[in-house]
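# Understanding the architecture of this molecule
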Amino acid sequence: MRMKSLPLELLPVLGLLAVAAAPAQAQAQARSQVGVETEGDAARTQPRTFVPRLSISETATSNVNLRAAKQSDLITSIAPGLYASSRGGRVQGFVDYSLSGLLYAQDTRPNQLLNALRANGSAEVLENTGFIDASASITQQAVNPLGVQSADAQLGRDNQTEVRTLQLAPRLQGRLGAGVDWSARASHQNTSSTSDLASNSSSSTAQLDIGNGSQPTRFGWSAQASRTQRSFSRGRTTDDDILRGVLQYRPGPDFSAGVIGGYESTDIASVDKQGRATYGLQLNWAPSARSQLRSEVERRFFGNAYNVAFSYRWPRAALNFSDTRAMSNGAGQLTQINQGTNFSILDQQLASTIKDAAERENAVLEELKRRNLDPNAVVLVPFLSSGVTLSRAQQLSLAWLGARDTLTLTVQQSSTERLDAVTPDPLLNGAVRQRGYSLTLAHRLTPLSNLSLSLSQSRNRGRSSVSTELRTATAQWSTALGPRSNFSLLGRRTLFTSSTQPYDESALIGTLGMTF
């Protein structure tokens, strides 16, 4: 078998991974010479984390192309990766990147490379005044939300595409007099995919904010002016201009309420620009250190936009609920790149005991690894659109952390429809509704080994009752082979129901993981 030639833009990344292994190993030897007990203990005392890794896996699948006529294959994956974070100094953020080279033993599919990236950071270039915010992601997404869906990016690539998103946002901030803060921000986001059927997109925003939000006063106010331009390679260019003001009442540090008023002029839903007044309410309440409620609702040109989030934690459990209705750039991409549902839940759980962000981040990653939980697990696979969309998304997450057992449950549902009715979208004809759940039970067998069972289901439904359903069950055993290496064995059963291309698939996956 012969691997595809490596894309030139990825050569610097692989070079970085290769070079990084040497200093990381040298640092580990130096720590051992001065008597540091474990790498995890040392990492938790530092505001920066740098962990190169390598994963080698072998997948035996009964249905490599995800079709009714099955064809089995062996898939070898070699995936170098890197996790780096900084929680102190002038540069703060994280980067989590991996590059998977896939080799198909029976030549059922071309050998290929898959990228995975999650990154978010901010750099202070002028002390207390000038900043550059940046985020980036590379994900595998569905081209057609009602096409063949897969629980494994290695299989059935016909309806999958690699989506790359980069956002840069320089900003200036300062203070006028004793109690008025201001900020000016310009941002640009670019999204592209490897599919000819999908639309590439870009958006640019200029925004000016002024107010007294950082001052400990009973009454707060803020004003905002922004202009956003969005462009799609298979659609059109639209503008959205917003003037917005907020008045807040803050009787104490745990409660605030506000009113919103403004004006919006846009051509997203029409050929020519149309303007209308906007108005809404805000409510934030934190009755205790364990519970928090944040909510905002605003009347805009497409109806009500809102964002409601509630969280509560017990000594060994955490509950999160969110309900949002907002515009999207159509990229199937989160506006903010975070570190995943399981990471967020455990980070919230440890917030009261570990105050330092850098120390807590390392503790969360170590705990997720020990409990055999994926920090970036997703339930509903995003998809692409060639225009601005209106999305409502609801999520309920519950985690229980016992001494040896961990139970996580995530339930999600969403509804996505195109706001731009001027140009047609062959892949998003009418609203698409998604609903799904993921349930995982992990048990620590010994101090070095874990067993986890997982069930997940996702259902996509479009107009005219066209629907698909993907159900997956997995069982995984993992064990630590040493301080820097581990091995896991996973069995998977997948059933996909569709009126056009149903399939079933079974797989056995062995994975050797190493950090340096």
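See the structure above.
Residues numbered from 1 in each chain as written. Predicted model: local features only at pLDDT ≥ 70, side-chain atom pairs only at ≥ 80, totals over all residues. Heavy atoms only, no water.

## Observations regarding the overall build of the protein chain
Threshold: For helices the rule is a DSSP run of H or I covering at least 4 residues; for strands it is a run of E covering at least 2, with both sets numbered from the N terminus onward. Accessible areas in this description were obtained via Shrake-Rupley with a 1.4 Å probe; residue shielding takes into account the shown protein chains only.
Of the regular secondary structure elements, the protein chain holds four helices and 22 strands. In the form shown here, the protein chain has an accessible surface area of approximately 25600 Å², with 58% of it arising from carbon and sulfur atoms.

## A look at the nonpolar core
Using the following cut-off: By convention a nonpolar core is built from buried Ala, Val, Leu, Ile, Met, Phe, Trp, Tyr and Cys residues, the set being connected through side-chain atoms within 4.5 Å. Burial status follows relative accessibility: with a 1.4 Å probe on protein chains alone, a residue under 20% of its type maximum counts as buried, one over 50% as exposed, and anything between as partly exposed. Only heavy atoms matter for contacts: two residues are in contact if any of them lie within 4.5 Å across the pair.
Val64, Leu66, Ile75, Leu102, Tyr104, Leu114, Val148, Leu155, Leu470, Phe496 and Tyr503 together form the largest nonpolar core, which totals eleven residues. Beyond its immediate sequence surroundings of up to four residues, Leu66 is in contact with Val148, Gln149, Ser150, Leu155, Gly156, Gln501, Tyr503 and Glu505. Counting residues in each nonpolar core, the second largest holds ten residues, with Leu346, Leu350, Val364 and Leu368 among its members.

## Concerning the pattern of salt bridges
Quick reminder of the rule: Should a side-chain nitrogen of Lys or Arg be within 4 Å of a carboxyl oxygen of Asp or Glu, the pair is scored as a salt bridge.
All chains considered together, the criterion is met by 22 salt bridges. Between Lys70 and Asp504 there is a salt bridge, with the nearest N and O atoms lying 2.5 Å from each other. Remark: Asp504 occurs in strand E22 (residues 503-515) and Lys70 occurs in the loop between strand E1 (48-61) and strand E2 (73-86); sequence separation between them is 434 residues. With relative accessibility at 44%, the residue Lys70 sits in the partly exposed group. On the accessibility criterion, Asp504 (21% relative accessible area) is partly exposed.

## Regarding a nonpolar patch on the surface
We count it as follows: Like charges within 9 Å and nonpolar side chains (Val, Leu, Ile, Met, Phe, Trp, Tyr) within 5 Å are joined into patches, using only residues over 30% in relative accessible area that form no salt bridge.
Residues Trp400, Leu407, Leu439, Leu441, Leu445, Leu451, Leu453, Leu455, Trp477, Leu489 and Leu508 make up a contiguous nonpolar surface patch of about 920 Å² in total accessible area. Mapped by element, the contributors of at least two residues to the nonpolar patch are strand E18 (432-444) and strand E19 (449-461). Relative to the helices and strands, Leu445 resides in the loop between E18 and E19. Since its relative accessible area comes to 35%, Leu445 is described here as partly exposed.

## Focus: unusual backbone geometry
The phi dihedral of Leu66 falls on the positive side, at around 55°, and the residue is not glycine. The topology assignment puts Leu66 in the loop between E1 and E2. The backbone of Asn128 shows a phi angle near 60°, a positive value even though the residue is not glycine. The class for Asn128 is exposed, based on a relative accessible area of 53%.

## Observations concerning the packing of aromatic side chains
Defined as follows: The pairing test for Phe, Tyr and Trp rings, Trp by its six-membered ring, is centres within 6.5 Å, and the orientation test on the planes gives stacked under 30 degrees, edge-to-face over 60, and tilted for anything in between.
Under the defined criterion, the tally for this structure stands at five aromatic pairs. Ring geometry for Trp477 against Phe487: centres 6.5 Å apart, planes inclined by 65°, an arrangement best described as edge-to-face. Residue Trp477 is located in strand E20 (residues 467-482), and its partner Phe487 is located in strand E21 (residues 485-498); the two are separated by ten residues in the primary sequence. The exposure class assigned to Trp477 is partly exposed, which follows from its relative accessible area of 35%.

## Concerning the pairing of strand E15 (residues 317-328)
Under the convention used in this document: Pairing between two strands is assigned when DSSP locates at least 2 bridges connecting them.
Pairing of strand E14 (residues 303-313) with E15, which is carried by eight bridges, proceeds in the antiparallel orientation. Looking at the pairing, Val308 lines up with Asp323 of E15. Hairpin connection of E14 to E15: three residues between the antiparallel strands. Here E15 pairs with strand E16 (residues 389-401) via twelve bridges, running antiparallel. Counterpart to Ser322 in the pairing with E16 is Gln395.

## Overview of the side chain of Gln412
Put simply, the test is: Pairing of N or O atoms within 3.5 Å defines a polar contact, subject to two protein rules: one partner must be a possible hydrogen donor and the other a possible acceptor, and residues neighboring in sequence count only if both atoms are side-chain atoms.
When you line up the elements, Gln412 lands in strand E17 (residues 405-418). A polar contact is formed between the side chain of Gln412 and the side chain of Gln395, at a distance of 2.4 Å. Setting aside residues up to four positions removed in sequence, Gln412 forms contacts with Val379, Leu380, Gln394, Gln395, Gln434, Arg435 and Gly436.

None of this, on its own, says anything about what the molecule does.
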